[in-house]
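The primary structure of each chain is shown beneath.
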Amino acid sequence: MADLHPYLRELPAVDRLLKEPALGELLERLPRKLVLAAVQETLQRYREKIIAGGEGGSFTAVSDLSPEKLAREAAALARKQALPHLRPVVNATGIVLHTNLGRAPLARAAAEAVASIMEGYCNLELDLEEGVRGSRQAHVEGLLCELTGAEAAVVVNNNAAAVFLLLNSCAAGKEVIVSRGELVEIGGSFRLPEVMAAGGTRLVEVGTTNKTYRCDYEAAITPDTAALLKVHTSNYQLVGFTASVEAREIAELAHAHNLLAIEDLGSGVFLDTTRFGLPPEPRVQDSVAAGMDLVTFSGDKLLGGPQAGIIVGRRHLIEQIRRNQLARALRVDKLTVAALEATLRLYLDEEKAIAEIPIWRALAVSLSRLRERAAALAAWLRDCFPRLEVELLEGSSRVGGGALPTAELPTMLVSLRAPGVEPSALAARLRGGSPPVMVRLQQERLLLDLRTVDPGEEALLRQALAAALEEA
Ligand SMILES: *Cc1c(COP(=O)(O)O)cnc(C)c1O
């Protein structure tokens, strides 16, 4: 070994490195364990490099392995590892609901509600008036009923859990009829047929991929049928010759046969999306009014709240769901309840909801405002980085997150090209920055869409851009 890799012997010892000023200073602020691990990892990287033949073939001088240099690298690694793993990210992709970026950012009121609850005790399951045990659902149920017109509501971990719990509580051991055009898969791990099987119900598929009629449902009803289930095709769209059965007709048919009418709305929304130039997305209150007995939807899609699955509907059914042994396994924690309650309160005044819930601010912002903001950013970039190629391009933003898959919102993009730097390399540098910035890469261009960047985040975005471009 020693003969093969003489440089291995030149590697400084751990204790020697810890005496370097770069690391000594860090040891005062960071846990020793963390600094030590970074030193060991740095040395290990060098050992591997040396064994593999050194940097670009071989080391040229022993100075490559100087304690100063290694300590600086170890210090940089330690500083990076001291950052929280889960961190705020600037979303310049223009995808409003980005599942990888945590879906909906919370409204200020929701974030403040979470902050006020989390450090102390709270009345999560306490009825303050009577001084007796209460339900964690009580904090949001009234608001959900008010906003949707439903008799009762229950909130669980997410919409996948809501669909599962609902089927398991109301249709276990029985058949549930679903249109072949609505057997959705969401994000790979939510496939309706599998969720139904896990919930203990038998899926009865009716109709064809593109067309399903009322008579298809009717013909499939047997004494074993428990429910007709309608699923919103939230992440795809059938175009061409298609037919599906409206919620109202499903409800009528189900009730005529003494069956339950259930709808998985996916996103769920309280506002009329056409107001924002978007295609219509079914509103929760419309499904309730159409006679659906139970309706499920997500908290963090177009509601713009925390991750949650919400079930609204008839009181006796909601009670049956709450009594399910599995309800506890899927229940929400106090932080979710706090964020959801505050978000729902904003919807009591629609204009307030649009002004204060980040996803609605992003969806409602005008093209002219986006143009102004993009032009200001482009001017700043040209000013600070004269060698950069900066252009403004028309484009479109997307809703994302498994909602309104074909909707395109016109936007103004800032396109960047740094001479001699691949757009993907620049994107990687931005991703590695502080804060990390996520951008769009399209046809050899790096694109920034300010629709999803809150004006309050723009200073941070500029700072991160400057850091990445100075390196370039
Ligand atoms: C998104 C979605 C789900 C899953 O919701 P989560 O809150 O992500 O668990 C289920 N059904 C449909 C139709 C959806 O769009």
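Please read these numbers as outputs of a predicted model, since none were measured by experiment.

Engineer: So what's going on with the domain arrangement of the chain? Residues and values would help.
Structural biologist: Under the domain assignment used here, the chain contains domain 1 (5-82), domain 2 (90-99 + 362-470) and domain 3 (108-355). Interface of domain 2 and domain 3: buried area, both sides summed, is about 1,100 Å²; carbon and sulfur atoms make up 73% of it. Connecting domain 2 to domain 3 are zero salt bridges. Residue classes in the side of domain 2 that touches domain 3 are distributed as nine nonpolar, three polar and no charged.

Engineer: Break down helix α4 (residues 32-51) for me, citing the residues and quoting the values.
Structural biologist: Because the α-helix completes a turn every 3.6 residues, residues three or four places apart line up on one side. Look at α4: 28 Å from first C-alpha to last across 20 residues, which is about the 28 Å you get at 1.5 Å a residue. Taken together, the buried positions of α4 are occupied by V35, A38, V39, T42, L43, Y46 and I50. Down the axis, α4 shows its buried residues gathered within 130° of arc, on one side only. Along its buried surface, α4 packs onto α1 (6-10), α2 (14-18), α3 (21-29) and α5 (67-82).

Engineer: Could you give me a rundown of the sheet that holds strand β14 (residues 409-417), with the residues and numbers involved?
Structural biologist: Within a sheet, neighbouring strands are paired by backbone hydrogen bonds and run either parallel or antiparallel to one another. Strand order in the open sheet formed by four strands is β13-β14-β17-β16, and the pairing between neighbours is antiparallel. On the outer flanks of this sheet lie β13 (389-397) and β16 (440-442), each paired with one strand and no other. Between one strand and the next, the sheet's axes are offset by a mean angle of 35°, whatever the strand orientation. Bridge count between β16 and strand β17 (residues 445-449): three bridges; the pairing is antiparallel. Paired with Q442 across the strands is R445, a residue of β17.

Engineer: Give a description of the site of the ligand that names residues and reports values.
Structural biologist: For the ligand, the full set of nearby residues is R103, N158, N159, A160, I186, F190, H232, S234, D264, G266, S298 and K301. A distance of 2.9 Å is found between an oxygen atom of the ligand and a backbone nitrogen or oxygen belonging to A160. Against a free-state accessible area of 390 Å², the protein chains account for coverage of 95% of the ligand. Grouping the constituent residues of the shell around the ligand by class yields three nonpolar, six polar and three charged.

Engineer: Please provide a residue-by-residue account of the pairing of β14, values included.
Structural biologist: A large share of β14 lies buried, amounting to seven of its nine residues. As paired elements, β13 and β14 share nine bridges and run antiparallel to each other. Residue pairing for β14: S397 is matched across the bridge by L409. Relative to β17, β14 runs antiparallel, the two being bridged by four bridges. The residue of β17 that forms the bridge with V414 is L448.

Engineer: Can you break down the sheet that holds strand β9 (residues 225-231) residue by residue, with the values?
Structural biologist: Strands sit in the order β4-β12-β11-β10-β9-β5-β8 across an open sheet of seven strands; the sheet is mixed. Of all strands in the sheet, those with a lone pairing partner are β4 (152-156) and β8 (202-206), marking the two edges. Averaged over all pairs of adjacent strands, the angle between strand axes in this sheet comes to 25°, irrespective of strand direction. Relative to strand β11 (residues 294-298), strand β10 (residues 260-264) runs parallel, the two being bridged by three bridges.

Engineer: Any chance you could break down unusual backbone geometry for me, citing the residues and the numbers?
Structural biologist: Glycine aside, the phi torsion of most residues is negative, and most peptide linkages are trans. The step from S434 to P435 runs through a cis peptide bond, and the omega angle for that step is 0°. Within the element layout of this structure, P435 appears in the loop between α18 (423-431) and β15 (437-438). Not every positive phi belongs to a glycine, and R103 is a case in point at roughly 50°. Secondary-structure assignment places R103 in the loop between β1 (90-91) and α6 (108-118).

Engineer: Tell me about the packing of α3 against α4, residues and numbers included.
Structural biologist: Interaxial distance between α3 and α4 falls to 8 Å at its minimum, and their mutual angle equals 150°. Between α3 and α4, the angle is such that the two are roughly antiparallel. Across the interface between the two elements, L23, L26 and L27 of α3 pack against R32, V35 and V39 of α4. Along the lines of polarity and charge, the residues of the contact of α3 with α4 split into five nonpolar, no polar and one charged.

Engineer: Lay out the nonpolar core in plain terms, naming residues and giving numbers.
Structural biologist: L144, F297, L302, V312 and W360 are the most contacted members of the largest nonpolar core, which totals 62 residues. Considering every element that reaches this core, the biggest residue donor is helix α11 (residues 247-256), with five residues. Viewed by domain, this core spans two of them, domain 2 (90-99 + 362-470) and domain 3 (108-355), each represented by three or more residues. If we ignore the near neighbours within four places in the chain, the residues touching L144 are G149, A153, V155, F270, F297, I310, V312 and L344. A161, A162, V178 and I311 belong to the second largest nonpolar core, which has 33 residues in total.

Engineer: How would you sum up the side chain of E182? Please name residues and give values.
Structural biologist: The residue E182 is located in the loop between β5 (175-179) and β6 (185-186) in this model. On the basis of relative accessible area, E182 is assigned to the buried category, the value being 4%. Beyond its immediate chain neighbours, meaning those up to four positions away, E182 contacts L192, Y217, L229, K230, V231, T233, Y236 and S244.

Engineer: Please give an account of the pattern of salt bridges that cites residues and values.
Structural biologist: Following the criterion strictly, the structure yields 32 salt bridges and no others. Put simply, E458 and R373 hold a salt bridge, and the shortest N to O gap is 2.9 Å. Residue E458 is located in helix α19 (residues 458-471), and its partner R373 is located in helix α17 (residues 367-384); the two are separated by 85 residues in the primary sequence. If you follow the salt bridges from partner to partner, you end up with E125, R133, R136 and R331 in one network.

Conventions used here
Residues numbered from 1 in each chain as written. Predicted model: local features only at pLDDT ≥ 70, side-chain atom pairs only at ≥ 80, totals over all residues. Heavy atoms only, no water. Domains from an automatic or database assignment. Buried area = accessible area lost by both parts, 1.4 Å probe. Salt bridge = Lys/Arg side-chain N within 4 Å of Asp/Glu carboxyl O. Nonpolar A, V, L, I, M, F, W, Y, C, P; charged D, E, K, R; others polar. Helix = DSSP H or I, 4+ residues; strand = E, 2+ residues; numbered from the N terminus. Expected span 1.5 Å × (residues − 1). Buried < 20%, exposed > 50% of the residue type's maximum accessible area, 1.4 Å probe, protein only. Arc of directions from axis to C-beta. Contact = heavy atoms within 4.5 Å. Pairing = 2+ DSSP bridges. Axes fitted to C-alpha atoms, helices over the stretch in contact; angles between N-to-C directions. Near = heavy atom within 4 Å. Polar contact = N/O pair within 3.5 Å; in protein donor to acceptor, adjacent residues only side chain to side chain. Areas by Shrake-Rupley, 256 points an atom, 1.4 Å probe, with all protein chains shown as cover. Parallel < 35°, antiparallel > 145°, perpendicular 65-115°, else oblique. Core = buried A, V, L, I, M, F, W, Y, C linked by side-chain atoms within 4.5 Å.

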